[in-house]
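Letter by letter, the chains look like this.
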Amino acid sequence: QVQLVDSGGGLVQAGDSLRLSCAASGRTFSRYPMAWFRQAPGKEREFVAGISWSGGKTYYADSVKGRLTISRDNAKNTVYLQMNSLKPEDTAVYYCAAQTPYTSIATMTSGYVYWGQGTQVTVSS
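Description of the structure in this document. Everything quoted here is computed from the prediction, not taken from an experiment. (Residues numbered from 1 in each chain as written. Predicted model: local features only at pLDDT ≥ 70, side-chain atom pairs only at ≥ 80, totals over all residues. Heavy atoms only, no water.)

1. Focus: the state of the cysteines
So the rule is basically this: Only a pair of cysteine sulfur atoms within 2.5 Å counts as a disulfide in this structure description. In this text, helices come from DSSP runs of H or I with a minimum length of four residues, and strands from runs of E with a minimum of two, each type numbered from the N-terminal end. For each residue, the accessible area found with a 1.4 Å probe, counting protein chains only, is set against the maximum for its type, and the residue is called buried under 20%, exposed over 50%, and partly exposed in between.
Counted under the stated rule, the structure contains one disulfide. Paired by a disulfide, Cys22 and Cys96 hold their sulfur atoms 2.0 Å apart. Between Cys22 and Cys96 the sulfur-sulfur dihedral comes to about 45°; the bridge is accordingly right-handed. Residue Cys22 is found in strand S3 (residues 18-24), and its partner Cys96 is found in strand S9 (residues 92-98); the two are separated by 74 residues along the sequence. Overall, Cys96 belongs to the buried group, its relative accessible area being 0%.

2. Some points on the pattern of salt bridges
Selection criterion: Salt bridges are defined by distance alone: a side-chain nitrogen of Lys or Arg within 4 Å of a carboxyl oxygen of Asp or Glu.
According to the stated counting rule, one finds four salt bridges in the structure shown. Here Arg38 and Asp90 are joined by a salt bridge, their closest N and O atoms 2.9 Å apart. Here Arg38 is found in strand S4 (residues 34-39), whereas its partner Asp90 is found in the loop between strand S8 (78-83) and S9, with 52 residues between them in sequence. No difference in accessibility class separates Arg38 from Asp90, as the two residues are buried. Measuring nitrogen to oxygen at the nearest pair gives 3.1 Å for the salt bridge that ties Asp62 to Lys65. Here Asp62 and Lys65 have matching classes, each one exposed. Each of the salt bridges in this network shares a partner with another, and the network as a whole consists of Arg38, Glu46, Arg67 and Asp90.

3. A short note on the environment of Thr119
In plain terms, the rule: Here a polar contact means two N or O atoms within 3.5 Å. Within protein one must be a hydrogen donor candidate and the other an acceptor candidate, and residues neighboring in sequence count only if both atoms are side-chain atoms.
Along the chain, Thr119 falls in strand S11 (residues 119-124). Since its relative accessible area comes to 10%, Thr119 is described here as buried. Each C-alpha atom, one on Thr119 and one on Ala92, is 8.5 Å from the other, the two residues being 27 residues apart in sequence. Looking at Thr119, its side chain comes within polar contact range of the main-chain nitrogen of Gly9, at 3.0 Å.

4. Focus on the packing of aromatic side chains
The following threshold applies: Pairing of aromatic rings covers Phe, Tyr and Trp, the last through its six-membered ring, and needs centres within 6.5 Å; plane angles under 30 degrees mean stacked, over 60 mean edge-to-face, and all others mean tilted. Two thresholds decide whether a charge sits over a ring: the Lys NZ or Arg CZ must be within 6 Å of the ring centre and within 35 degrees of the ring normal.
Applying the stated criterion across every chain yields a total of seven aromatic pairs. Within the aromatic cluster, the residues linked to one another by ring pairs are Phe37, Phe47, Tyr59, Tyr112 and Trp115. We note Arg45 situated over the ring of Tyr95; from NZ or CZ to the ring centre the distance is 3.7 Å. Note that Arg45 overlies the ring of Trp115, its terminal NZ or CZ placed 4.9 Å from the centroid.

So, in structure tokens, the structure goes:
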């Protein structure tokens with residue numbers, strides 16, 4: 001069992017930066033590939049970025065490449081999403097998620113077992 005707590009969202013202006021954090025419980029965090037998803041009003045939840053269990057591989061949605069960076073600190077049981085050059089279309093609730101241990105990064109929500117509660121990011125123009 002893994003419990004995830006998302007934080008770091010807020011209201012910012014276009015071009016600003018934010019860093020989201022996801023704190024995980026348990027002693028086996030380092031086994032889990034992790035990802036960030038987002039869901040805007042009236043839209044389906046979509047994949048944003050993923051990171052392998054070791055941290056050696058990352059994968060991004062085309063819409064965020066070059067602006068968002070996912071990272072993890074296994075010693076702190078935390079995964080991060082650094083968000084730079086934010087745009088109004090980045091406005092959404094952001095969720096972190098964990099897959100089953102030692103699997104490859106998935107981009108579908110069905111590939112994830114554990115979810116955080118979400119943190120709201122609002123970007124004004």
